[in-house]
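# Tertiary structure, described
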Amino acid sequence: MILPQSFYLDDTVTVAKSLLGKVLHIKTGNKERRARIVEVEAYLGVTDPACHTFENRRTSRTQSMYLQGGHSYVYLIYGMYHCLNFVTRTEAHPEAVLIRAVQPIDVEPHLKKKDIKTNGPGKLCRHYEITRDHDGLRLWKKSSALYVSDDGFKVSTKQIISCPRIGVDYAGEAAQWPLRFYLKDNVFVSRV
């Protein structure tokens, strides 16, 4: 079942935790690949110093953050790594969930599992060829190049680990907010 747009309109922390175990579908040309979401980070908009929309900043890069929840937000960091986010809430609350790591479901025959690197936001985008061309897509539409579904995979609250986000030291005390969530003991979670 494809997640409806209403799924993304909830509180960002709730959406982040609820995304764990869901399936990301990535279409490239005639090929569709699937990956289970195993690690995320929540970014809380205008009051979060680690968020791109902190203090209501608007740039050409952050335009998608000001769309209603359920759109993709893809940006480039360090001039070389793309990062995939899912916009949450409403246009008045520009918040998002960063997809930090995924576990591939469909493995190309020529690849061994140990050779697949999707344990970090830049790595997963590189592996699945996600670029700025994927920015602003509607994640609740099967016709989209990116969409998310629920295949019935169960995640218990005991499996969800919460800890500070990675790489946001510039955000002061917000760097310590426990807004990174991942599935306990999953080998595809990013290494810190």
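Preceding this paragraph is the structure being described.
Right, let's walk through the structure included here. Quick caveat: nothing in here was measured; it's all calculated off a predicted structure. (Residues numbered from 1 in each chain as written. Predicted model: local features only at pLDDT ≥ 70, side-chain atom pairs only at ≥ 80, totals over all residues. Heavy atoms only, no water.)

### Overview of the pairing of strand β1 (residues 23–28)
In the sheet, β1 pairs with strand β2 (residues 31–43) via 6 bridges, with the strands oriented antiparallel. Bridging across to β2, Leu-24 finds its partner in Ala-35. The hairpin turn running from β1 into β2, its antiparallel successor, is 2 residues long, and Gly-29 in that turn takes a positive phi close to 60°. (Pairing = 2+ DSSP bridges. Helix = DSSP H or I, 4+ residues; strand = E, 2+ residues; numbered from the N terminus.)

### Observations concerning the layout of surface pockets
Here the largest pocket defines a volume of roughly 550 Å³. If you trace the largest pocket, you find 28 residues lining it, with Ile-77, Cys-83, Arg-100, Pro-121 and Ile-166 closest to the centre. For the lining of the largest pocket, the elements supplying multiple residues, two or more each, are β2, β3 (72–77), β4 (81–88), β5 (95–104) and α2 (121–128). Ranked by residues supplied to the lining of the largest pocket, first place goes to α2 with 4 residues. (1 Å grid on protein atoms, 1.4 Å probe; cavity = no way out; pocket = protein on both sides within 12 Å on 5 of 7 lines; lining within 4 Å. Points joined across faces, edges and corners; volume = space filled by probe spheres on them.)

### A short note on helix α1 (residues 12–19)
Inspection of α1 places Thr-12, Val-15, Ala-16 and Leu-19 among the buried residues, and these make up the whole buried set. The arc that holds the buried residues of α1, viewed along the axis, is 100°, so those residues lie on one side. Considering only its buried residues, α1 is in contact with β2, β4, β5, β6 (146–149) and β8 (180–183). Put simply, Asp-11 is the residue that caps the front of α1, since its side-chain oxygen is 3.2 Å from the backbone nitrogen of Val-13. Gly-21 sits one or two residues past α1 and shows a positive phi near 90°. (Buried < 20%, exposed > 50% of the residue type's maximum accessible area, 1.4 Å probe, protein only. Arc of directions from axis to C-beta. Contact = heavy atoms within 4.5 Å. Polar contact = N/O pair within 3.5 Å; in protein donor to acceptor, adjacent residues only side chain to side chain.)

### Re the side chain of Asn-119
Positionally, Asn-119 belongs in the loop between β5 and α2. A distance of 3.2 Å separates a polar atom in the side chain of Asn-119 from a polar atom in the side chain of Lys-123. With near-sequence residues (within four places) excluded, Asn-119 lies in contact with Arg-100, Ala-101, Phe-188, Val-189, Ser-190 and Arg-191.

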